[in-house]
Amino acid sequence: MTSEITPTAWILAYGAAFIIGLSKAGIKGVAVMNVTLMALAFGAKESTGMVVPLLILADIFAVIYYNRHTQWKYVFKVLPWMILGVLIGVVIGKDLPEKFFKIGMSVIIITTVFMMYWWDRKKIKTVPTHWAFASSIGTIAGITTMVGNLAGAFSNIYFLAIRLPKNHFIGTAAWLFLIINIIKLPFHFFVWETISFESLSLNLMLLPGILLGFFVGVRFIKLIKEAFFRKMILVLTAVGAVLIIFS
């Protein structure tokens, strides 16, 4: 399998692995870029399974580093709804044709971009904290994480709504997504068949990219200028989403 991968695909894959490391280190808002890069490298549906083991590896690093900041009550509040969303995503995503899957992923990415942009521009930062808000956000996050590994924006909104401090935000998200990504793993193996032993060997070869991204993210998270960085990522993500349709 690895011998058939083009140099361009390798570059895109290592870029995705690096971004996964950055995201799990706490630089939120960049995760959608790894989905775009992996889809361009290996195809939309195949890449969803290939990304999951990479996410789990990065989640483990994040859990080890930020474990002391985890707020478990918020994990348990949204976790059941995310599991429900994953199950819904398994059903609706299994038999989607490649063309519709690409379009669907692109729509989700572009919607996510505009949602994140809207949130940054919103002057009033209050968001409903009723249980219905957590359940709806959790269910949508579960569906999008199963179909396209794109739950980050929805979980960000949830954690912003409950006003978690930065380290609590990162630590809580780390455990939440480690659990969810492990739950997704057997569905990709046995239902969608988007993970194989060959793809797992590729995941191991991409591990240095995750380590480098996590190392850089941990050390520079406080130094990055948020306004410029987020605008850059939003633009690149939107362009990548359009490219998926024509890839």
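Residues numbered from 1 in each chain as written. Predicted model: local features only at pLDDT ≥ 70, side-chain atom pairs only at ≥ 80, totals over all residues. Heavy atoms only, no water.

Identification of the protein chain as Probable membrane transporter protein from Maribacter arcticus is taken from an unreviewed UniProt entry. Recorded under Subcellular location (unreviewed entry), the UniProt text for the protein chain is reproduced unchanged: "Cell membrane". Word for word, the UniProt comment on the protein chain under Sequence similarities (unreviewed entry) is "Belongs to the 4-toluene sulfonate uptake permease (TSUP) (TC 2.A.102) family." (UniProt positions renumbered as here; feature names shortened; annotations may be inferred.)

(A) Geometry of the side chain of His69. In this fold, His69 is placed in the loop between α3 (44-66) and α4 (72-93). When residues no more than four places from it in sequence are discounted, the contact partners of His69 are Asn167, His168 and Thr172. (Helix = DSSP H or I, 4+ residues; strand = E, 2+ residues; numbered from the N terminus. Contact = heavy atoms within 4.5 Å.)

(B) Spatial organisation of the packing of aromatic side chains. Here the structure, examined in full by the defined rule, presents 10 aromatic pairs. The interplanar angle of 85° and the centroid separation of 6.2 Å between the aromatic rings of Tyr65 and Phe214 together place this pair among those described as edge-to-face. In this pair, Tyr65 sits in helix α3 while Phe214 sits in helix α10 (residues 207-220), placing the two residues 149 residues apart along the sequence. Residue Phe214 is classed as buried on the basis of its relative accessible area of 10%. Among the aromatic residues, ring-to-ring pairing joins Phe61, Tyr65, Tyr66 and Phe214 into one connected group. (Phe/Tyr/Trp six-rings, centres within 6.5 Å; stacked < 30°, edge-to-face > 60°. Buried < 20%, exposed > 50% of the residue type's maximum accessible area, 1.4 Å probe, protein only.)

(C) Quick look at helix α1 (residues 7-25). With 19 residues, α1 ought to run about 27 Å at 1.5 Å a step, and its terminal C-alpha atoms sit 27 Å apart, in line with that. Taken as a whole, α1 has its buried residues at Ala9, Trp10, Ala13, Ala16, Ala17, Ile19, Ile20, Gly21, Leu22, Ser23, Lys24 and Ala25. Looking at the buried positions of α1, the neighbouring elements they touch are α2 (31-42), α3, α8 (166-191), α9 (197-205) and α10. At the C-terminal side of α1, Gly26 shows a positive phi close to 125°. (Expected span 1.5 Å × (residues − 1).)

(D) Quick peek at the UniProt feature "transmembrane region" (unreviewed entry) in the protein chain. Summarizing the sequence annotation, UniProt attributes the feature "transmembrane region" (unreviewed entry) to residues 12-37, 49-68, 74-93, 100-119, 131-161, 173-192, 204-221 and 228-246 in the numbering used throughout. As annotated, residues 173-192 comprises 95% helix and 0% strand, and the C-alpha atoms at either end are separated by 26 Å.

(E) Examining unusual backbone geometry more closely. Even without a glycine there, the phi angle at Glu193 is positive, about 55°. In this structure, Glu193 sits in the loop between α8 and α9.

(F) Just the environment of Ser155, in detail. Considering the arrangement of structural elements, one finds Ser155 in helix α7 (residues 152-161). For Ser155 and Ile137, which are 18 residues apart along the polypeptide, the C-alpha to C-alpha distance reads 7.3 Å.

(G) Focus on the nonpolar core. If you look at the biggest cluster of nonpolar residues, it comprises 37 residues, and the most contacted ones within it are Met38, Phe42, Leu202 and Leu206. When contributions to this core are tallied by element, the ones reaching two or more residues are α1, α2, α3, α8 and α10. Look past the residues within four positions of Leu206 in its chain and what remains in contact with it is Trp10, Ala13, Tyr14, Ala17 and Leu54. Membership of the second largest hydrophobic core comes to 28 residues, among which are Phe133, Ala151, Ala161 and Ile180. (Core = buried A, V, L, I, M, F, W, Y, C linked by side-chain atoms within 4.5 Å.)

(H) Focus on the pattern of salt bridges. In this structure the tally under the stated criterion is one salt bridge. Close ionic contact of Lys24 with Asp59 constitutes a salt bridge, the shortest N to O distance being 2.7 Å. Separated by 35 residues along the polypeptide, Lys24 in helix α1 and Asp59 in helix α3 bring together distant segments of the chain. Lys24 gets classed as buried once you look at its relative accessible area, which sits at 12%. (Salt bridge = Lys/Arg side-chain N within 4 Å of Asp/Glu carboxyl O.)

(I) Expanded view of the packing of α4 against helix α6 (residues 131-148). Two elements in contact, α4 and α6, have axes separated by 6 Å at closest approach and are oriented at 40°. For the element pair α4 / α6, the angle class is oblique. The interaxial crossing formed by α4 with α6 has right-handed handedness. In contact with Lys77, Val78, Trp81, Met82, Leu84, Gly85, Val86, Ile88, Gly89, Val90 and Ile92 of α4, α6 contributes Trp131, Ala134, Ser135, Gly138, Thr139, Ala141, Gly142, Ile143, Thr145, Met146 and Val147. Residue classes in the contact of α4 with α6 are distributed as 14 nonpolar, seven polar and one charged. (Axes fitted to C-alpha atoms, helices over the stretch in contact; angles between N-to-C directions. Parallel < 35°, antiparallel > 145°, perpendicular 65-115°, else oblique. Left-handed = near helix turned anticlockwise from the far one by under 90°. Nonpolar A, V, L, I, M, F, W, Y, C, P; charged D, E, K, R; others polar.)

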